[in-house]
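Structural overview
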Amino acid sequence: MTGLFHSYQLGDLNLPNRVVMAPMTRVRAAAGGLATPSMATYYAQRATAGLIVSEGVQPSLIGQSNPGTPGLHTDEQVAAWRQVTSAVHTNGGRIFAQIMHGGRVSHPDTTGMQPVGPSAVPAVGDVFTPTGPQPAPVPRALETAEVGEHALAYANAARRAVDAGFDGVELHGANGYLISQFLSSDANLRTDVYGGSVANRIRFAVEAVSATVQAVGGARTGIRLSPGGGFWGVTETDALELNTALLAELARLEVAYVHLEATVDEEVLLGLRRAWPGTLIMNPVFPMGPKQTGPAEADHWLALGADLIGFGRAFIANPDLVERLRSRLPIAPVDDATYYQGGDAGYLTYPAYQYTA
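Computed from a predicted model, the values in this text were never measured in an experiment.

1. Concerning the environment of Met 100
With respect to the helices and strands, the residue Met 100 is situated in the loop between strand E5 (95-99) and helix H3 (108-111). As a C-alpha pair, Met 100 and Gly 222 span 122 residues in sequence and 12 Å in three-dimensional space. Those residues in contact with Met 100 that lie beyond four places of it in its chain are Gly 56, Val 57, Gln 58, Pro 59, Gly 63, Ser 65, His 172 and Tyr 177.

Shown next, in the form of structure tokens:
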């Protein structure tokens, strides 16, 4: 049986193991959305992963969801990211940038602009702002003629990512952000070519991915999806039909991988595995739930046909997670109070496993 420590060929990249560090928001960027030396250290510490997928990176100012997140839409941001990619590569790693357009999950206090979305329907819950959580505002519904420019924003950020030294990009099509909003049956109430039918609701995702593939190549392009996930009030009432249709289009575009979250029952996920002919990264446990992915969950999904396994929170407190998994060492618990607090505490202060005589 394929094991977690067997190598894997992902496009032009030879991954030494099948452990993927999943994207996780850590809000440690400097003013102007700039990556920092601490971010370079953080990712370099975890470079033993077969593949690192960075935290979500906004492709435009209006695409920024949270304060303190990094961008890939200015020359200064590209230059700042080079210290991160260089540090990861120096430590023998590989890293994709996750491109994340927040859409309606944003606030004018963060960007200075009214958020946009497929329809004038606010997200459910409070969004982060520079002064603390505030109710999600009503977004401005995008005009048909301007939807394309937001799809192109992913491609433009992908070009900048490659220029910054990333090995590729992952489009964030999950967790209630812009692509997910267009896929949704309740955040998307449009009556034009981007709304209504399954074929119309997947159109924005396909256009964003297609533009990115044209910009940097399919081997450098992946996408993350959360089938049926209810993040920020987004729902998909037809998760299997919708995502199967989307996967058929992604297969035609020959993207590097699809990254699925366990946001729907296993039967649906297995149906999507059967529908997807390419590389599958599987996140085996529900995001933000009480359970963390461990060896048992990884082995379970490798046996079910996943090619690579995404580990999220376990990587926060365990910079040496790959070695801990390989040697079956204890996985240190994470302090969730430090997820978004800023600074190096709870970011660079988790040690590697301490062996005792």
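We are not done yet, so read on.
2. Observations concerning the pattern of salt bridges
Counted by the stated rule, this structure contains 11 salt bridges. Salt-bridge contacts for Asp 75 lead to Arg 160; the nearest nitrogen and oxygen are separated by 2.9 Å. Here the residue Asp 75 occupies a position in helix H2 (residues 75-90), and Arg 160 occupies one in helix H4 (residues 144-163), the gap between them amounting to 85 residues. Of the charged contacts, one joins Arg 224 and Glu 261 as a salt bridge, the two residues approaching to 3.0 Å between their closest N and O atoms. Residue Arg 224 is found in strand E11 (residues 221-225), and its partner Glu 261 is found in strand E12 (residues 257-261); the two are separated by 37 residues along the sequence. For Glu 261, a relative accessible area of 0% puts it in the buried group.

3. Focus: the packing of aromatic side chains
In this description, an aromatic ring pair is defined by two values, namely the gap between the centres and the angle between the planes. Tallying each qualifying case throughout the model produces 10 aromatic pairs. Seen in terms of ring centroids, Phe 96 and Tyr 257 are 5.8 Å apart; in terms of plane orientation they differ by 35 degrees. Their pairing is tilted. One end of the pair, Phe 96, is in strand E5; the other, Tyr 257, is in strand E12, and 161 residues separate them in sequence. Considered together, Phe 96 and Tyr 257 belong to a single accessibility category, that of buried residues. Taken together, the ring pairs connect Tyr 154, Phe 182, Tyr 194 and Phe 204 into an aromatic cluster.

4. What to know about the pairing of E11
For a regular strand, side chains alternate in direction, first toward one face of the sheet and then toward the other. With 5 of its 5 residues buried, E11 lies for the most part within the structure. For strand E10 (residues 168-172) and E11, the ladder comprises 4 bridges, and the chain directions are parallel. Considered in E11, the bridge of Glu 170 is made with Gly 222. Note on the crossover from E11 through helix H8 (residues 239-253) to E12: the handedness is right-handed.

5. Let's talk about empty space enclosed by the protein
Counted under the stated rule, the structure contains 1 cavity of 30 Å³ or more. In this structure, the largest cavity encloses a volume near 50 Å³. Along its surface, the largest cavity is lined by Thr 25, Gly 56, Gln 58, Gly 63, Gln 64, Ser 65, Asn 66, Thr 69 and Met 100.

6. Considerations on the sheet that holds E12
Spatial ordering of the closed barrel is given by E3-E4-E5-E10-E11-E12-E13-E14, a layout of 8 strands whose pairing is parallel. The mean angle between the axes of side-by-side strands here comes to 25 degrees, regardless of whether they run parallel or antiparallel. Contacting E11 and E12, H8 runs over the sheet at an angle of about 175 degrees to E11.

7. Quick notes on the packing of helix H1 (residues 37-45) against H2
Packed helix pairs are characterised by how far apart their axes lie and by the angle those axes make with each other. Between H1 and H2, whose axes approach to 8 Å, the crossing angle comes to 25 degrees. In terms of axis orientation, H1 runs roughly parallel to H2. In terms of crossing hand, the pair formed by H1 and H2 is right-handed. Facing H1, whose interface residues are Pro 37, Met 39, Ala 40, Tyr 43 and Ala 44, H2 presents Trp 81, Gln 83, Val 84, Ala 87 and Val 88.

8. Some thoughts on unusual backbone geometry
One non-glycine residue, Asn 175, adopts positive backbone phi at about 60 degrees. Looking at the element boundaries, Asn 175 is found in the loop between E10 and helix H5 (178-183). Looking at Asn 175, the relative accessible area reads 11%, which means it is buried. The residue Arg 328 is not glycine, and still its phi comes out positive at about 55 degrees. Summarising the element assignment, Arg 328 is placed in the segment after helix H12 (321-327). With a relative accessible area of 57%, Arg 328 lands in the exposed category.

9. Quick notes on the side chain of Arg 46
When you line up the elements, Arg 46 lands in the loop between H1 and strand E4 (51-57). Here the side chain of Arg 46 touches Tyr 42 through a polar contact of 3.0 Å, landing on its backbone oxygen. Once residues within four sequence positions are removed from consideration, Arg 46 is found in contact with Met 21, Ile 52, Phe 315, Ile 316, Pro 319 and Tyr 347.

10. A word on the pairing of strand E13 (residues 279-283)
Within E13, 5 of the 5 residues are buried, which leaves it mostly tucked inside the rest of the structure. Of the two faces of E13, the one holding Thr 279, Ile 281 and Asn 283 and the one holding Leu 280 and Met 282 are both buried throughout. Across 5 bridges, E12 lies against E13 in parallel orientation. Bridge pairing in E13 links Glu 261 to Asn 283. Following the chain from E12 across helix H9 (residues 266-275) to the adjacent parallel E13, one finds a crossover that is right-handed. Pairing analysis gives 2 bridges linking E13 to strand E14 (residues 308-311), with the strands arranged parallel. Counterpart to Met 282 in the pairing with E14 is Ile 309.

The rules behind these values
Residues numbered from 1 in each chain as written. Predicted model: local features only at pLDDT ≥ 70, side-chain atom pairs only at ≥ 80, totals over all residues. Heavy atoms only, no water. Helix = DSSP H or I, 4+ residues; strand = E, 2+ residues; numbered from the N terminus. Contact = heavy atoms within 4.5 Å. Salt bridge = Lys/Arg side-chain N within 4 Å of Asp/Glu carboxyl O. Buried < 20%, exposed > 50% of the residue type's maximum accessible area, 1.4 Å probe, protein only. Phe/Tyr/Trp six-rings, centres within 6.5 Å; stacked < 30°, edge-to-face > 60°. Pairing = 2+ DSSP bridges. Right-handed = clockwise from strand over helix to strand, strands pointing away. 1 Å grid on protein atoms, 1.4 Å probe; cavity = no way out; pocket = protein on both sides within 12 Å on 5 of 7 lines; lining within 4 Å. Points joined across faces, edges and corners; volume = space filled by probe spheres on them. Axes fitted to C-alpha atoms, helices over the stretch in contact; angles between N-to-C directions. Parallel < 35°, antiparallel > 145°, perpendicular 65-115°, else oblique. Left-handed = near helix turned anticlockwise from the far one by under 90°. Polar contact = N/O pair within 3.5 Å; in protein donor to acceptor, adjacent residues only side chain to side chain.

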